[in-house]
Amino acid sequence: MNKTITAQNAPAAVGPYCHAKLAGNTLYTSGQLGLIPATGELPQGVEAQATQALDNLMAVLSAAGMEAADVVKTTVFLADMNDFAAINAIYAKYFSGEAPARSCVQVAALPKGALFEIEAVAVK
């Protein structure tokens, strides 16, 4: 049975989707932008957006009773692959120890003109 996960401490979805779906013991998150939950606005710069997006992802994980250590796979979307090194430094603060598998791709555009987006799969 699937369960819809809605995180109170993450920004509302910007389309017809939910924060995450829990299918058995596996959580599939929607992509998280660096939107500030209280305002729905994006902070300036890729580092600030990545930090906020990862905070938002952690809020979604928490709402499902999970944490960063439960994440087995992430996909990172960048507006500019030149930001790869800066993103790695921020990402490493959230996924210390055994890091999850990860894909990272540059995309033509992200919603709301964002510079960073992340989605994850976690297993409890």
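These numbers come from a predicted model, not from an experiment. (Residues numbered from 1 in each chain as written. Predicted model: local features only at pLDDT ≥ 70, side-chain atom pairs only at ≥ 80, totals over all residues. Heavy atoms only, no water.)

A. The arrangement of the overall build of the protein chain in detail. For the protein chain, the helix and strand inventory stands at two helices and seven strands. When the elements of the protein chain are put in sequence order from the N terminus, they spell out β-β-β-β-α-β-α-β-β. Expected size for 124 residues packed as a compact globule is a radius of gyration near 14 Å; at 13 Å, the protein chain falls within 12% of this value. Here the C-alpha coordinates of the protein chain stretch approximately 40 × 30 × 25 Å along the principal axes. Evaluated residue by residue, the protein chain yields a buried proportion of 44% over its 124 residues. Partitioning the contacts of the protein chain with sequence separation of at least 6, the portion at a separation of at least 24 is 68%. Computed over 7 positive and 10 negative side-chain charges, the separation of the two mean positions in the protein chain equals 8 Å. (Helix = DSSP H or I, 4+ residues; strand = E, 2+ residues; numbered from the N terminus. Rg over C-alpha atoms; globule rule 2.2 N^0.38 Å. Buried < 20%, exposed > 50% of the residue type's maximum accessible area, 1.4 Å probe, protein only. Contact = heavy atoms within 4.5 Å. Lys, Arg positive; Asp, Glu negative; His and termini not counted. Charge placed at Lys NZ, Arg CZ, Asp CG, Glu CD.)

B. Structural context of the pattern of salt bridges. Per the counting criterion, the structure on display carries one salt bridge. With its nearest N and O atoms 3.5 Å apart, the salt bridge here joins D70 to K124. On the criterion of sequence distance, the pair formed by D70 in the loop between α1 (46-63) and β5 (71-78) and K124 in the segment after β7 (116-123) is long-range, its members being 54 residues apart. (Salt bridge = Lys/Arg side-chain N within 4 Å of Asp/Glu carboxyl O.)

C. Highlighting the side chain of Q49. Mapped onto the secondary structure, Q49 falls in helix α1. Taking the relative accessible area as the measure of exposure, Q49 reaches 4% and is therefore buried. Excluding its chain neighbours within four sequence positions, the residues that come into contact with Q49 are G34, L42, P43, A114, L115 and F116.

D. Seen up close, the packing of aromatic side chains. Overall, the coordinates contain one aromatic pair when judged by the stated rule. Centre to centre, the rings of Y91 and F95 are 4.7 Å apart; their planes meet at 40°, and the pair counts as tilted. For the pair shown, Y91 and F95 are each scored as buried. Positioned above the aromatic ring of Y91 is the side chain of R102, whose terminal nitrogen or guanidinium carbon lies 4.6 Å from the ring centre. (Phe/Tyr/Trp six-rings, centres within 6.5 Å; stacked < 30°, edge-to-face > 60°. Lys NZ or Arg CZ within 6 Å of the ring centre and 35° of its normal.)

E. Up close: unusual backbone geometry. The phi dihedral of K112 is positive, around 60°, even though this residue is not glycine. Looking at the secondary structure, you find K112 in the loop between β6 (101-106) and β7. Owing to a relative accessible area of 53%, K112 belongs among the exposed residues under this scheme.

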